[in-house]
Amino acid sequence: MTMRGFDLTPYRRSTVGFDRLFDLIENNARLQQGDNYPPFNIERISEDRYRVTLAVAGFRTDEIDITAQQNLLQVTGRKEESQGGDRSRFLHVGIANRSFERRFELADFVRVEKADLADGLLTIELVREVPEAMKPKKIAINGGQLVEINADRDAA
């Protein structure tokens with residue numbers, strides 16, 4: 001099912017505070033039609049842990065930049081454009097060796113824990129850490145004790 005014909009306007013009219021979510025859906029639908037290089041996987045390792053793996057064959061560590069900011073993870077690979085002389089040696093070029101930029105929208109409180117490059121795979125470990133102030137808390141109920149608020153007023 002493609003998002004091309006899906007209209008989110010009725011949902012925008014009847015909800016409050018979901019603008020960012022609807023924008024993400026619309027932007028992602030537009031981006032899905034674009035370039036799929038480099039290929040990638042997104043895994044859910046556990047309740048609050050994720051792994052993004054990108055196939056970046058031919059890239060060295062110094063040619064890849066990973067930038068994490070508020071709700072965005074951006075992976076950029078920079079390759080020097082080779083001169084025509086280098087390509088003349090190849091009979092077939094099937095390994096993409098071009099620059100790329102891949103963006104991933106992150107949920108609130110998701111941060112990059114570490115990144116590794118091995119065997120042509122860039123692995124980025126993500127973890128969601130909800131601050132203590134945002135976690136649910138159990139509220140104790142006072143055991144049957146009533147507190148009089150305006151005792152002076154009742155006596156008058």
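Residues numbered from 1 in each chain as written. Predicted model: local features only at pLDDT ≥ 70, side-chain atom pairs only at ≥ 80, totals over all residues. Heavy atoms only, no water.

Applicable threshold: UniProt positions are given in the numbering used here, feature names are shortened, and annotations may be inferred rather than shown by experiment.
The name given to the protein in an unreviewed UniProt entry is Heat-shock protein, with Sphingobium indicum F2 as the source organism. UniProt lists a comment for the protein under the heading Sequence similarities (unreviewed entry), and it reads "Belongs to the small heat shock protein (HSP20) family."

Details of the pattern of salt bridges
Heads up, the condition is: The salt bridge definition used is simple: a Lys or Arg side-chain nitrogen within 4 Å of an Asp or Glu carboxyl oxygen. Helical segments are the DSSP runs of H or I of at least four residues, strand segments are the runs of E of at least two, and each set is numbered from the N terminus. We call a residue buried when its accessible area falls under 20% of the maximum for its residue type, exposed when it is over 50%, and partly exposed in between, using a 1.4 Å probe and counting protein chains only.
Counted under the stated rule, the structure contains 10 salt bridges. Here Glu 113 makes a salt bridge to Arg 49, at a shortest N to O gap of 2.3 Å. Separated by 64 residues along the polypeptide, Glu 113 in strand β6 (residues 110-118) and Arg 49 in strand β2 (residues 49-55) bring together distant segments of the chain. Note on Arg 49: relative accessible area 30%, which makes it partly exposed. Of the charged contacts, one joins Glu 129 and Arg 111 as a salt bridge, the two residues approaching to 2.9 Å between their closest N and O atoms. Of the two residues, Glu 129 sits in the loop between β7 (121-128) and α4 (151-155) while Arg 111 sits in strand β6, which places them 18 residues apart along the sequence. Given a relative accessible area of 42%, Glu 129 falls into the partly exposed group. A single salt-bridge network, built from bridges that share partners, covers Arg 60, Asp 62, Glu 63 and Lys 79.

What about the sheet that holds β6?
Our working definition: Strands are treated as partners if at least two bridges between them are detected by DSSP. Working convention: axes come from line fits to C-alpha atoms, limited for helices to the stretch in contact. Angles between N-to-C directions cover 0 to 180 degrees.
On the basis of which strands lie adjacent, the open sheet formed by four strands has the order β1-β2-β7-β6 and antiparallel pairing. Both edges of this open sheet fall to β1 (40-46) and β6, since each of them pairs with a single strand only. Along the sheet, successive strands turn relative to each other by an average axial angle of 20 degrees, direction set aside. Note: β1 against β2, six bridges, orientation antiparallel. Within β2, the residue paired with Phe 40 across the bridge is Leu 54.

Some words on the nonpolar core
The condition is simple: Working definition of a nonpolar core: buried Ala, Val, Leu, Ile, Met, Phe, Trp, Tyr and Cys residues. They are joined through side-chain atoms within 4.5 Å. Contacts are assigned to residue pairs with any non-hydrogen atoms lying within 4.5 Å of each other.
Leu 54, Val 75, Ile 124 and Leu 126 are the most contacted members of the largest nonpolar core, which totals 16 residues. Every element with two or more residues in this core is listed here: β2, β4 (72-77), β5 (100-105) and β7. Sequence-distant contacts of Ile 124, that is, excluding residues within four places in its chain, are made with Tyr 50, Arg 51, Val 52, Leu 54, Ile 66, Leu 73, Val 75, Val 112, Lys 114 and Ala 115.

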